[in-house]
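Architecture at a glance
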Amino acid sequence: INCVELLPVFEFDETACPRTHPTTGEHLCNYWGYSTVAFYVPMQRFSARLRQDDRKAAQVAAAVVEFKTLVRELHRHGIEVILDVVFNHTGEGSWGEANWHSLSAVAESHYYLMSQGHHTNFTGCGNTVNASNPMCAEWINDCLRFWALEMRVDGFRFDLASALCRGEDGQICADMDPLFVRRVSNDPLLSHVKLIAEPWDCSWPDGYLVGKFPNGGTPRWAEWNGKFRDVVRRFIKGDPGMKGDFATRICGSADLYEADGRGPCHSINFITAHDGFTLRDLVSYHDKNNAENAEESGEDNNISWNCGEEGETDNPKVLALREKQIRNFMVAMFLSAGTPMMVSGDEYGRSQNGNNNTWCQDERNWFSWADCGAEEAGLMRFCRLLISLRRNHSELFARDDFRRSMQWTHDSWEDAYNFVSFVLRVPRPKASTSESGSTAPGSPAKFATSGASDAGAAASESGRSRVSDDTRSAAATAEAYKETELLVAFNAGHQAHACRLPHGREWFRLVDTQLQAPLDIAESDEDAQLITGESYTLSPYSCVVLKSYEDPAEVFQYGDIEFECGRDEKVAEELRRVARRSL
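Basis of the calculations
Residues numbered from 1 in each chain as written. Predicted model: local features only at pLDDT ≥ 70, side-chain atom pairs only at ≥ 80, totals over all residues. Heavy atoms only, no water. Core = buried A, V, L, I, M, F, W, Y, C linked by side-chain atoms within 4.5 Å. Buried < 20%, exposed > 50% of the residue type's maximum accessible area, 1.4 Å probe, protein only. Helix = DSSP H or I, 4+ residues; strand = E, 2+ residues; numbered from the N terminus. Contact = heavy atoms within 4.5 Å. Expected span 1.5 Å × (residues − 1). Polar contact = N/O pair within 3.5 Å; in protein donor to acceptor, adjacent residues only side chain to side chain. Phe/Tyr/Trp six-rings, centres within 6.5 Å; stacked < 30°, edge-to-face > 60°. 1 Å grid on protein atoms, 1.4 Å probe; cavity = no way out; pocket = protein on both sides within 12 Å on 5 of 7 lines; lining within 4 Å. Points joined across faces, edges and corners; volume = space filled by probe spheres on them. Nonpolar A, V, L, I, M, F, W, Y, C, P; charged D, E, K, R; others polar.

1. Observations regarding the nonpolar core
Counting 53 residues, the largest nonpolar core has Phe246, Met330, Val331, Leu386, Phe490 and Val545 as the members making the most contacts within it. The greatest single-element share of this core, amounting to 9 residues, is contributed by helix α9 (residues 316–334). When sequence neighbours within four positions are dropped, the list of residues in contact with Leu386 reads Met330, Val331, Phe334, Leu335 and Ile521. Leu83, Tyr112, Phe180 and Val193 belong to the second-largest nonpolar core, a separate cluster that totals 42 residues.

2. Remarks on helix α3 (residues 134–150)
Taking 1.5 Å per residue as the helical rise, α3 with its 17 residues ought to reach 24 Å, and the 24 Å between its terminal C-alpha atoms agrees with that figure. Inspection of α3 places Cys136, Ala137, Trp139, Ile140, Asn141, Cys143, Leu144, Arg145, Trp147 and Ala148 among the buried residues, and these make up the whole buried set. Where α3 begins, one side-chain oxygen reaches toward the backbone nitrogen of Met135, 2.9 Å away; that side chain belongs to Asn133. Just downstream of α3, Arg152 is the residue with a positive phi angle, here 65 degrees.

3. Description of the packing of aromatic side chains
Aromatic ring pairs are described here by two measures, namely the spacing of the ring centres and the angle between the planes. Going through the model one piece at a time under the given rule, you end up with 30 aromatic pairs. Summarising the aromatic geometry, the rings of Phe39 and Trp139 are spaced 4.9 Å apart at their centres and angled 80 degrees between planes, so their arrangement reads as edge-to-face. A residue pair is termed long-range when its members are at least 10 positions apart, and Phe39 in strand β3 (residues 36–42) and Trp139 in helix α3 qualify at 100 residues. Exposure class is identical for Phe39 and Trp139. Each is buried. An angle of 10 degrees between the planes, with centres 5.5 Å apart, marks the rings of Phe508 and Tyr549 as stacked. One end of the pair, Phe508, is in strand β16 (residues 507–512); the other, Tyr549, is in the loop between β19 (542–548) and α15 (566–580), and 41 residues separate them in sequence. Here Phe508 falls in the buried class, since its relative accessible area comes to 12%. Classification of Tyr549 by relative accessible area gives buried; the value is 10%.

4. Remarks on empty space enclosed by the protein
Counted by the stated rule, this structure contains 4 cavities of 30 Å³ or more. In this structure, the largest cavity spans a volume of roughly 60 Å³. At 3 residues, the largest contribution of residues to the lining of the largest cavity is made by α9. Across the lining of the largest cavity, the residue classes tally to 8 nonpolar, 1 polar and 1 charged.

Below, the structure written as C-alpha cells:
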C-alpha cells in the first residue's frame, strides 16, 4: 500500500442526524462526515488527547498536532495521504438545523447555488456550493493550499465533483472549463498535489462526467472510474456479452482517458468504495438491507449476485463460490492497467450485513482486527501476495501507455459467454546507466520502473518504499527476462472451460482462484506448479495466472516484498523511549 485516502476529516457535527435506530431506539450518528462545518481544522473528536489534557491550549492544538504526526509517519513508510474533501455542499442548515452559521451569513448567493431565492440540491444533501463564483472558487482554493502546504497532505479526492462544474444557472458549464477546476489545476502552489474527481453528482444524466471531467488545461485530473466498477461487476458475475467492455477496462480505459492526453494512471480502478456494498456483501446480497438507517436510502441497482442464497448462510457450496468471486474481483482489479483502489476491510472480507449506505451507522463501519487476523492465512494472504505480484511486474500494470501489445488467446469475441484469456509480455528491461548515460562498467542491466506508477508511489527520499535486490531479483539481466510472459484467463460463467496454452513454452501456475489456500496463489515463482499439456481447464467462476520465463533460476518472491523499514522502526522506537524518560 503506497497511499491512503481518508474519509472527511474536516470538522463536522457527528450528532447532526435526526433519526433513531428502529430497533434499539438509539440516536444515529453522522459517521462518515460529509457535512463539513469548519474547513480549516481537523475533526476535534478524532484527537486521542482531547479528553486527556485539561489545558485549553493543548486541547485546541491536539487535533492539528496529531494529524500532522499521522501524515509524517505515513510518509516515513512511503505512504501518501489523500483527503476526501466535500466542497459540493456544506453542513450549514442541513435538516433545518440552525447550529452553524457561516457562509450564508456572509454572502449566501456568492457561496451557494440559488434558484429563485432557494438553495439547489444537486448533491442529495441540499446546500449546493456555487463554485463558479470567483469568491467561492478562491475560498476553496485557499482551503486546499492550507491542507497541502501546512498539513502536508499529498492530494485531494473531490466528492461529487460534477456539482463543482455547474454554472450560476445550475447547468454543467457548456465550455467544460469551470472556474473552480481551472483555478485549482493552474495554481502553482498546488502543482505538486494529486487531484482526483468523483466525476458525478446526483443529477442524471448531465452530472455523469466519467471520462469527461474537465482538466482546466493540463491533463492532470484522475477520476474514480465508475465504468470500470460497473463493467467488472457485470463480467465477473456472468452477465452475458461483456467480454469487449471488460477488455477495454482492464487495458486502461483508453476510450475515456486517451483523447485528452491522460493515461491509465488517471483511471482509479475500484470494485467497491465506502458507499455501497463491501466486497463480501457484493457476493452475498442481491438486495440492500438498510432498514436500520430509518430512511429510504442507498443504491438499488448494485450489480451484485448472492451466489445462490441471500445473506448469511452455512451452505458450503455457496460459501465456496463467494470466496472464489471475491478473489476473482481482486485479480481483475489488481492486474488491470490503471491505479487500483481497495476499500479498507475488503482484504479480510468485512461485511455490513447488506447495508450499502452506512453513513449513519457506527459499528457497521468498524475495522475488525480479530476478523482480519482470522483471515491471515486465507483472504489476507491472497490479497497481500496479489499486490506483490502486481508490484513485481509493475512494468506491465503501472504503466503510462494503454495496452495494445497484449495477445488475446481466447477463441471468439462474438460468443456471449464470458471467457477471456490473454498473454502479457514483459518488455526487455532498460539497462542501468551511469551519469554519462552509458551502462555502468561491471553492473548488470536492471529493471527500470514505469514512470507512471500507481497514485502515491512517489515519496520523499526519507519515506520512499524500498525493495531489496533479493526479493525483486533486481539484478536479473535484460537477456534473462526478455521472454518472460504472463497468461491471465477469466472464466466468468457456469461451465468449465479449457484455456489453450501458447506452444513452445513451459507454463507455471501462480494463481487459480478455484483452489483452496494456500494453493490459490503461489508464494514465489519457485513454488509455482508446472502445467503439462496443451491446455489448462478453468473451473466455473474462476481465474488463473500462469507464468513462463526464460530462466527458472531467476524468480520472484511474492511473500517478502514489504518495506524494509524494520530497522528504521526499531531506531525510531528507541528514540521515542529515550524522549519519554524523566529528566
